[in-house]
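Close look at the chain arrangement
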Number of protein chains: 2
Amino acid sequence: MSRIMVDLRSRKPIFEQIVDSVRDLVVRGLLKPDEHLPSVRVLAAELAINPNTIQKAYGELERQGVIYSLAGRGNFVASDISSVKDAHRAELMNALKKSALEAAEYGIAEDEMINGIKDVLREHKGGNIK
Amino acid sequence: MSRIMVDLRSRKPIFEQIVDSVRDLVVRGLLKPDEHLPSVRVLAAELAINPNTIQKAYGELERQGVIYSLAGRGNFVASDISSVKDAHRAELMNALKKSALEAAEYGIAEDEMINGIKDVLREHKGGNIK
DNA sequence: ATAACTGTACTAATACAAATAGTACACCAC
DNA sequence: GTGGTGTACTATTTGTATTAGTACAGTTAT
């Protein structure tokens, strides 16, 4: 069973959802380096979408250095994912900062932001609400 | 001269850019309550896009309660924009929290987030970069 | 009343990207 | 060789945004 999920109703293109999903699993360590990914055809069958869409996603993932492919063997998670992890960490911090800047431009105070974040993190740590 | 801008190269639909742009101007107070918006045809000419696209955007803005329209008169900023402002404020805080949650799930520490935010806000306050 | 604006409501055509369908070929493991 | 794999194509379908064009009713100013 693959943990890759797609939402057909989403506005985000399917191939992009797959790219994000796989990169997320890799970055979170749920997919280990050199781990064998489901083949284009198998994943297409599981997700009930076209193989070409999977191929497009895998191609993009390879371009990003998240996975590599061996002719006739299959697709595998990159051996060294440190750069991918670093990039992801930077992306997350960047998004957070951008969000804070927008809030600041609208006049929301720094304290309010920080308190809001502390609150939501406390909830997350505790109840594991989701 | 209208302050409404669109980027034809963006992936975001033009009508959606207009919706966001106008709501943003209203929320920031650059467009006052009951202020007269440029007519569908005039704005279309200024932005060099089709009047139907403007109409679609204005229709959505009216649906959201950001503007109202008078037949034969034109479109106007809503008289009471407090609810729009409140909603926008909530959206910004929500986005910030969501961003923080994602970062936390990836293992970024609360302190690092807060320090990053403080840094970027300090830059913004001071140099007014960008 | 008339002209020149306004919003509104349609239909049709166009453009573009995503996704599907189908085929073909080369590589690898058994 | 058989079966599974990646890869590379072309053609088609689909969905949505956008454009194009027209029509009509209300408002404003003259």
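Residues numbered from 1 in each chain as written. Chains lettered and ligands numbered in written order. Predicted model: local features only at pLDDT ≥ 70, side-chain atom pairs only at ≥ 80, totals over all residues. Heavy atoms only, no water.

Description of the interface of chain B and chain A
The criterion, for reference: Pairs of residues are marked as contacts when any of their non-hydrogen atoms sit within 4.5 Å. Buried surface area refers to the total accessible area, computed with a probe of radius 1.4 Å, that the two partners give up upon joining, counted for both partners together. Any Lys or Arg side-chain nitrogen found within 4 Å of a carboxyl oxygen on Asp or Glu counts as a salt bridge. N or O atoms within 3.5 Å of each other form a polar contact, as long as, within protein, one can give a hydrogen and the other can take it, and as long as residues adjacent in sequence are counted only when both atoms are side-chain atoms. The way it works is that DSSP assigns letters per residue, a run of H or I at least four long becomes a helix, a run of E at least two long becomes a strand, and they are numbered from the N terminus.
In this complex, chain B contributes 31 residues to the contact, which on the side of chain A involves 31 residues. Both faces combined, the contact of chain B with chain A buries some 3300 Å², and carbon together with sulfur accounts for 69% of it. Across the chain B-chain A interface, the total number found is six salt bridges. Between Glu-112 of chain B and Arg-89 of chain A there is a salt bridge, and its shortest N-O distance comes to 2.8 Å. Counting every contact that joins chain B to chain A gives 10 residue pairs in polar contact (both at pLDDT 80 or more). When residues of the side of chain B that touches chain A are traced back to their parent elements, those giving at least two are helix H1 (14-27), helix H4 (82-106) and helix H5 (110-126) of chain B. If one sorts the elements of the side of chain B that touches chain A by residue count, H4 of chain B sits on top with 16 residues.

Some points on the relation of the copies chain B and chain A
The test is simple: Fitting of the copies onto one another was done by least squares over C-alpha atoms, counting residues only where both copies have pLDDT of at least 70.
Mapping chain B onto chain A calls for a rotation angle of 179° and an axial translation of 0.0 Å; the resulting RMSD is 0.1 Å. Look at the turn and shift together and you get a two-fold axis relating the two. Looking at the interface residues of chain B, 100% of them are also at the interface in chain A, so both copies use one shared face.

Observations concerning the confidence of the model for chain A
For the record, the criterion: Known as pLDDT, the predictor's per-residue confidence is scaled from 0 to 100.
Here chain A averages 94 in pLDDT, while 95% of its residues score no lower than 70. Ranking the elements of chain A by mean pLDDT puts helix H5 (residues 110-125) of chain A last with 94 and strand S2 (residues 74-77) of chain A first with 98.

Quick notes on the pairing of strand S2 (residues 74-77) of chain B
Where a strand is regular, its side chains alternate between the two sheet faces. Residues and elements named next belong to chain B. Put simply, the rule reads: By the convention used here, strands pair only if DSSP detects at least 2 bridges between them.
Across four bridges, the pairing between strand S1 (residues 67-70) and S2 is antiparallel. Each bridged residue has a counterpart across the sheet, and for Leu-70 the counterpart in S2 is Gly-74. Once S1 ends, the chain turns through three residues before running back antiparallel as S2, passing Gly-72 with a positive phi of about 80°.

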